[in-house]
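Structure assessment
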Amino acid sequence: MKKIGALEAGGTKMVLGVFDPSGRELERLTLPTQTPEETVPPMRAFFDRHGVDALGVGSFGPLELNPASPAFGAITSTPKLAWRDYPLLDALRGDRDIPCALDTDVNAAVLAEAELGAAQGLTDVVYVTVGTGVGGGVLSGGRLVHGLLHPEVGHMLLRPHADDPNPRGVCPYHDCCLEGLAAGPALGARAGADARTLPDDHPAFIIEADYLAQMCVNLIVTLSPQRILLGGGVMQRRALFGMVRRRVLELLNGYVQADALLNHIDTMIVPPALFPVSGLVGAYLLGKRALQARDAQPA
Ligand code: ADP
Ligand code: ZN
C-alpha cells in the first residue's frame, strides 16, 4: 500500500500526518516550530520511518510557488527570521525521488474543504483563517489560485471603523490591513484583554465583525465565491458569524443580487467542517495529486 506524507507547517506548530491513498490517517505527529535546524530533522525522520511515497505540504508563507524559479518550494519573506528564504520542500524531500507538492496552508485548507468538507461540489470558494494572523486560500473555477504569487488575503486594506481606538492596526508593513486590524492579537489589544476571555457582547466584537464583513464584501465583489469559510481561533467565537453576515448585507446594500447571498447567507458564510485539520487534510490531497501525476507519466 502506498503512503502519503502530509505536513501543515505553521508559525507555532508543525502538524504531520501519514495517510493511505483512501485518506485514512495512519499516524499524526505535532512538533513545535523552532528553527529549521531543530525542526526539520525530526520531520524528515517521521516521513522516512513511514517510507512515504509522496509528500504534500501546506505552509505558512509567503512561498515561492513558481516551478520555473530556482527558489521553488522555499519560504521567502516571512517575519519568522529563522525560516526566511528557507528551501522547505527541498529540505523535506532530501535525496528521495518522490513526488512532492507545496501550497499555502490556506490553499491546502480550501482544497480540503471543497473535496471533503463544508464546500463539497463547489468550484469557487474562499477559506479564511482568523487566528494569530489572517490568511486566505482561494479556489476559483475549481483551481487553487496562484498567479503573480498567491493570494495574500490577510493584507487587504480596509476602512478603519469610526470607534476603533487603534485604527491603523498593528501590521509592521501596512496601515489598516485586515491582519493588523482583525487578527486575534489586534482584537485582544483593542479590548485590553485576551480575546478568548471577552463576553460575546463586548463592543470589540462589533468592530471585529465590521472588519471581517468588509473582507467578505471585498472577496464577494472580486472573486464571486459561492461560499466563504471562516476558521481559526477567533471564529471559534460563534456569535461572530451572525454579526458578520448581517454587516455584509448592510455593506453590500442590495447590490449583489444572488439568492445564496440575499436569502441564504447563513449557508454562504460558514465555519469550515474539517477545522482544525483542514490544512493537514489539504496537504494530504496535494501529496495524493502529486502521486497521481507521477503515476500518470509514461515510464
Ligand atoms: P494560530 O493562528 O496561531 O494557529 P489560532 O487559530 O488558534 O492560532 O488563533 C489564536 C487566536 O485566536 C488568539 O489570538 C486567540 O486569542 C484567539 N481566540 C481563540 N479562541 C477565541 C474565542 N473563543 N474568541 C475570540 N478569540 C479567540
Ligand atoms: Zn499587512
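**Topic: the sheet that holds strand E10 (residues 269–270)**
One open sheet accounts for 5 strands, arranged E8-E7-E6-E9-E10; its pairing is mixed. Edge positions in the open sheet fall to strand E8 (143–144) and E10, since each of these has one partner strand only. Where strand E6 (residues 125–130) meets strand E7 (residues 134–140), 6 bridges bridge the pair, whose relative direction is antiparallel. The residue of E7 that forms the bridge with Val128 is Gly136. Across the sheet, helix H3 (residues 105–116) lies against E6, E7, E8 and strand E9 (227–231), angled at about 50° from E7, the strand it touches most. Sheet strands touched by helix H6 (residues 203–223): E6, E7, E9 and E10. Its angle to E6, the strand with the most contacts, is close to 155°.

**Quick look at helix H10 (residues 278–296)**
The terminal C-alpha atoms of H10, which comprises 19 residues, lie 27 Å apart, in line with the 27 Å expected from a rise of 1.5 Å per residue. If you check which residues of H10 are buried, you get Ser278, Gly279, Leu280, Val281, Gly282, Ala283, Tyr284, Leu285, Leu286, Gly287, Ala290 and Leu291.

**Focus: the environment of Ala283**
Relative to the helices and strands, Ala283 resides in helix H10. Separated by 176 residues in the primary sequence, Ala283 and Asn107 place their C-alpha atoms 9.3 Å from one another. When residues no more than four places from it in sequence are discounted, the contact partners of Ala283 are Ala6, Leu7, Gly56, Val57, Gly58 and Ala108.

**What about the domain arrangement of the protein chain?**
Note on interface size: it is often stated as the accessible area lost on association of the parts. Structurally, the protein chain comprises domain 1 (4–104 + 276–296) and domain 2 (118–270). Each of domain 1 and domain 2 has a C-alpha centre, and these two points are 27 Å apart. Contacts between the two partners involve 9 residues from domain 1 and, on the opposite side, 7 residues from domain 2. Between domain 1 and domain 2 the total buried area reaches about 640 Å² when both faces are included, carbon and sulfur atoms providing 55% of it. Inspection of the domain 1/domain 2 interface yields 0 salt bridges. At the surface where domain 1 touches domain 2, the tally comes to 2 residue pairs in polar contact (both at pLDDT 80 or more). Counting residues per element, the ones that place at least two in the side of domain 1 that touches domain 2 are strand E5 (100–104) and H10. Within the side of domain 1 that touches domain 2, the residues separate by chemical class into 4 nonpolar, 3 polar and 2 charged.

Criteria and thresholds
Residues numbered from 1 in each chain as written. Chains lettered and ligands numbered in written order. Predicted model: local features only at pLDDT ≥ 70, side-chain atom pairs only at ≥ 80, totals over all residues. Heavy atoms only, no water. Pairing = 2+ DSSP bridges. Helix = DSSP H or I, 4+ residues; strand = E, 2+ residues; numbered from the N terminus. Contact = heavy atoms within 4.5 Å. Axes fitted to C-alpha atoms, helices over the stretch in contact; angles between N-to-C directions. Expected span 1.5 Å × (residues − 1). Buried < 20%, exposed > 50% of the residue type's maximum accessible area, 1.4 Å probe, protein only. Domains from an automatic or database assignment. Buried area = accessible area lost by both parts, 1.4 Å probe. Salt bridge = Lys/Arg side-chain N within 4 Å of Asp/Glu carboxyl O. Polar contact = N/O pair within 3.5 Å; in protein donor to acceptor, adjacent residues only side chain to side chain. Nonpolar A, V, L, I, M, F, W, Y, C, P; charged D, E, K, R; others polar.

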